[in-house]
There are 2 protein chains.
Amino acid sequence: MDIVPLIDYMQKFVELEPQEVEIIQKHTSLRNYLKGQFVVQQGDVCRHESFVVEGCLRTFYVDEKGQEHTVMFAIENWWTADLGSFLTQTPAHYNVQCLENTKVIQFSHTNLENLYLQVPKMERFFRIILQRAYVASERRLVRSYSLTAKERYLKFRQDYPLIEQRVPQYMIASYLGITKEFLSKIRNQLILEQ
Amino acid sequence: MDIVPLIDYMQKFVELEPQEVEIIQKHTSLRNYLKGQFVVQQGDVCRHESFVVEGCLRTFYVDEKGQEHTVMFAIENWWTADLGSFLTQTPAHYNVQCLENTKVIQFSHTNLENLYLQVPKMERFFRIILQRAYVASERRLVRSYSLTAKERYLKFRQDYPLIEQRVPQYMIASYLGITKEFLSKIRNQLILEQ
DNA sequence: AAAGAAGGTTAAACTAGTTTAATCTAAGTC
DNA sequence: GACTTAGATTAAACTAGTTTAACCTTCTTT
């Protein structure tokens, strides 16, 4: 059974009966992507919500001036999608690209809506997941206003040491809302300080 | 029945049976606050999630340097709380203060957990509400990085014309992540442009 | 009507972070 | 082993937004 990592993850939040696990399995699909491939492309409708089994992805947005803004990273046991696009099945604002070869478990929109009806516990599960996601997003917003770039970088390193190792610096810079040149300067300062 | 505004709002997302409405009523309480009063104070545990029936509130955070950062505003038909604090029943990072005399419908933490068990539709309801809140929060974050202060201000005016009328400018400035002086400058520019 | 509060404006000096552009490094690939 | 390509660094000139400080406006209170 290939959805074991997802079920293990879900069991942390809700208790699932064997028959529920079976229904969940019928409503998901597995997919492998190569490094560089896109799970979602800006302008297309986001067809799936993906649970990362293995690999690393980046969600980013290219603005009118052509600048890239990294919205989030996702590694093992994280969820990724352009949620706004997925929920309303309208064109995506964001791109989701694999930074490594990546294995995901996916829910299509109709399958997920169906699953909510057949396994009401899924409502509870996603309610809990979304609460956490919302709180995290709000905290990040507050930090973006109340901390300097250097403080945000230190916080990022502390919160996501595993991600820092796996992604290029210019993506971290755009996640922090600064240029790669300025991140480079900050890093240099930090080395000199010690 | 005093929870009519809440029920009307909920019916937009889920269909409620009369007996469910009754259970919901038993798990909520009504409360009136005067202008200036605090619904949540930084450092205290946030005991309630509040649905605004009438009035206007601001969620803000005072950082170590003593600076205020406005996290959100809430008016009629919005929800407010320090959700992170409410969910984990740990000290709040934020203050929620009434900017006008305000009437809310509140769920305590235990009542809400109870209600989830008695009326499973509540899970669905909050799942949907949280999806929207998360998407909105993510969009605001992207804007904070990709737009200039002036662009953010114009967007705010466009998105929340009702709020703009009701709250002082220095709070809008801190919501936009800029100083009141700079907002004043932007407003002056906008007048000159026309 | 005088006196505070609370909010808003203006302007000069300043700084955190950007822009531009050149150089460096390392890894793949022909 | 030379040649792209992708990423990282450095530094000088610049700018969006901050800081400080003084002043203005309006409403509330007495």
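Refer to the preceding data block for the structure.
The shown structure was predicted, so the numbers you read here are calculated from the model rather than taken from an experiment.

1. Some words on the overall build of chain A
1) Next: Helix and strand content of chain A: nine helices and eight strands.
2) Next: At 18 Å, chain A has a C-alpha radius of gyration in line with the 16 Å of a compact globule built from 194 residues.
3) Next: Evaluated residue by residue, chain A yields a buried proportion of 51% over its 194 residues.
4) Next: Pairs at least 24 apart in sequence give 69% of the contacts found in chain A among residues at least 6 apart.
5) Next: Of the roughly 9,500 Å² that chain A leaves accessible, carbon and sulfur atoms contribute 50%.

2. Let's talk about the state of the cysteines
Residues and elements named next belong to chain A.
1) Next: Tallied over the entire structure, the rule returns zero disulfides over all chains.
2) Next: Cysteine Cys-46 remains unbridged, with the sulfur of Cys-98 as its closest cysteine sulfur at 13 Å.
3) Next: Look at Cys-46 and you get buried, because its relative accessible area is 1%.
4) Next: Free cysteine Cys-56: the closest other cysteine sulfur is in Cys-98, separated by 9.0 Å.

3. A look at the pairing of strand β5 (residues 68–74) of chain B
Residue and element names in this part refer to chain B.
1) Next: Buried residues dominate β5, accounting for six of its seven residues.
2) Next: As defined by bridge partners, strand β4 (residues 57–62) adjoins β5 across six bridges and the pair is classed as antiparallel. Among the inter-strand pairings, Leu-57 is bridged to a residue of β5, identified as Ala-74.
3) Next: Connecting the antiparallel pair β4 and β5 is a turn made up of five residues, with Gly-66 showing a positive phi of about 85 degrees.

4. Structural notes on the protein's contact with DNA strand C
1) Next: Around DNA strand C, a shell composed of 14 residues is seen, among which Thr-179 of chain A together with Gln-169, Tyr-170, Ser-184 and Asn-188 of chain B lie nearest.
2) Next: Protein-adjacent atoms of DNA strand C, using a 4 Å cutoff, are sugar or phosphate at a proportion of 77%.
3) Next: Between DNA strand C and the protein, one listed contact pairs a phosphate oxygen with a backbone N or O atom of Tyr-170 of chain B at 3.2 Å.
4) Next: Take Asn-188 of chain B: an N or O atom from its side chain is 3.2 Å from a phosphate oxygen of DNA strand C.
5) Next: Elements that contribute at least two residues to the surface near DNA strand C include exactly α9 (180–193) of chain A together with α8 (169–176) and α9 (180–193) of chain B.
6) Next: When residues of the surface near DNA strand C are assigned to their parent elements, the largest contribution, three residues, is made by α9 of chain B.

5. Notes on the packing of helix α5 (residues 121–146) of chain A against helix α6 (residues 149–159) of chain A
All names here are of chain A.
1) Next: Relative orientation of the contacting elements α5 and α6 amounts to 150 degrees, with a least axis distance of 9 Å. On the side of α5, the interface is formed by Arg-143, Ser-144 and Ser-146, while α6 contributes Glu-151, Arg-152, Lys-155 and Asp-159.
2) Next: Each residue belonging to the contact of α5 with α6 can be placed in one class, and the counts come to no nonpolar, two polar and five charged.

6. A closer look at the interface of chain B and chain A
For interface size, the figure often reported is the accessible area lost on association.
1) Next: Across the boundary between the two partners, chain B contributes 37 residues, which contact 37 residues of chain A.
2) Next: Summing both partners gives a buried area of about 3,700 Å² for chain B against chain A, and 60% of it is carried by carbon and sulfur.
3) Next: Of all residues in chain B, Arg-127, Tyr-134 and Tyr-145 of chain B give up the largest surface area on contact with chain A, accounting jointly for 19% of the area buried on that side.
4) Next: Seen at the junction of chain B and chain A, the total is eight salt bridges.
5) Next: The residue Lys-65 of chain A makes a salt bridge to Glu-151 of chain B at a minimum N-O spacing of 3.7 Å.
6) Next: Taken together, the connections running from chain B to chain A amount to nine residue pairs in polar contact (both at pLDDT 80 or more).
7) Next: Of all the secondary-structure elements, those providing two or more residues to the side of chain B that touches chain A are β5, α3 (83–88), α4 (109–118), α5 (121–146), α6 (149–159) and α8 of chain B.
8) Next: The element contributing the most residues to the side of chain B that touches chain A is α5 of chain B, with 18 residues.
9) Next: The residue inventory of the side of chain B that touches chain A, partitioned by class, reads 18 nonpolar, eight polar and 11 charged.

7. Points about helix α1 (residues 4–11) of chain B
1) Next: Those residues of α1 of chain B not exposed but buried are Leu-6, Ile-7, Tyr-9 and Met-10 of chain B. Along the axis of α1 of chain B, the buried positions cluster into a sector of 160 degrees, meaning they face one direction only.

8. Digging into the protein's contact with DNA strand D
1) Next: Within the structure, DNA strand D sits among 15 residues, and Gln-169, Tyr-170, Ser-184 and Asn-188 of chain A together with Thr-179 of chain B are positioned closest to it.
2) Next: Those atoms of DNA strand D that come within 4 Å of the protein belong to sugar or phosphate at a rate of 78%.
3) Next: Gln-169 of chain A places a polar side-chain atom, nitrogen or oxygen, 2.9 Å from a phosphate oxygen of DNA strand D.
4) Next: Take Ala-149 of chain B: an N or O atom from its main chain is 3.2 Å from a phosphate oxygen of DNA strand D.
5) Next: Of all the elements in the fold, those that place two or more residues in the surface near DNA strand D are α8 (169–176) and α9 of chain A together with α9 of chain B.
6) Next: No other element matches the four residues that α9 of chain A contributes to the surface near DNA strand D.
7) Next: When its residues are assigned to classes, the surface near DNA strand D shows five nonpolar, seven polar and three charged.

9. Observations regarding the sheet that holds strand β5 (residues 68–74) of chain A
1) Next: What the four strands build is an open sheet, ordered β2-β7-β4-β5 (chain A); its pairing is antiparallel. A single partner strand is all that each edge strand has here, and the edge strands are β2 (38–40) and β5 of chain A. Each strand axis lies, on average, 30 degrees off the axis of its neighbour in the sheet, ignoring direction.
2) Next: The sheet strands contacting α5 of chain B are β4 (57–62) and β5 of chain A, and the helix crosses β5 of chain A at an angle near 140 degrees.

Cut-offs applied
- Residues numbered from 1 in each chain as written.
- Chains lettered and ligands numbered in written order.
- Predicted model: local features only at pLDDT ≥ 70, side-chain atom pairs only at ≥ 80, totals over all residues.
- Heavy atoms only, no water.
- Helix = DSSP H or I, 4+ residues; strand = E, 2+ residues; numbered from the N terminus.
- Rg over C-alpha atoms; globule rule 2.2 N^0.38 Å.
- Buried < 20%, exposed > 50% of the residue type's maximum accessible area, 1.4 Å probe, protein only.
- Contact = heavy atoms within 4.5 Å.
- Areas by Shrake-Rupley, 256 points an atom, 1.4 Å probe, with all protein chains shown as cover.
- Disulfide = S-S within 2.5 Å.
- Pairing = 2+ DSSP bridges.
- Near = heavy atom within 4 Å.
- Polar contact = N/O pair within 3.5 Å; in protein donor to acceptor, adjacent residues only side chain to side chain.
- Axes fitted to C-alpha atoms, helices over the stretch in contact; angles between N-to-C directions.
- Nonpolar A, V, L, I, M, F, W, Y, C, P; charged D, E, K, R; others polar.
- Buried area = accessible area lost by both parts, 1.4 Å probe.
- Salt bridge = Lys/Arg side-chain N within 4 Å of Asp/Glu carboxyl O.
- Arc of directions from axis to C-beta.

Bear in mind that shape data such as this cannot, by itself, settle questions of function.
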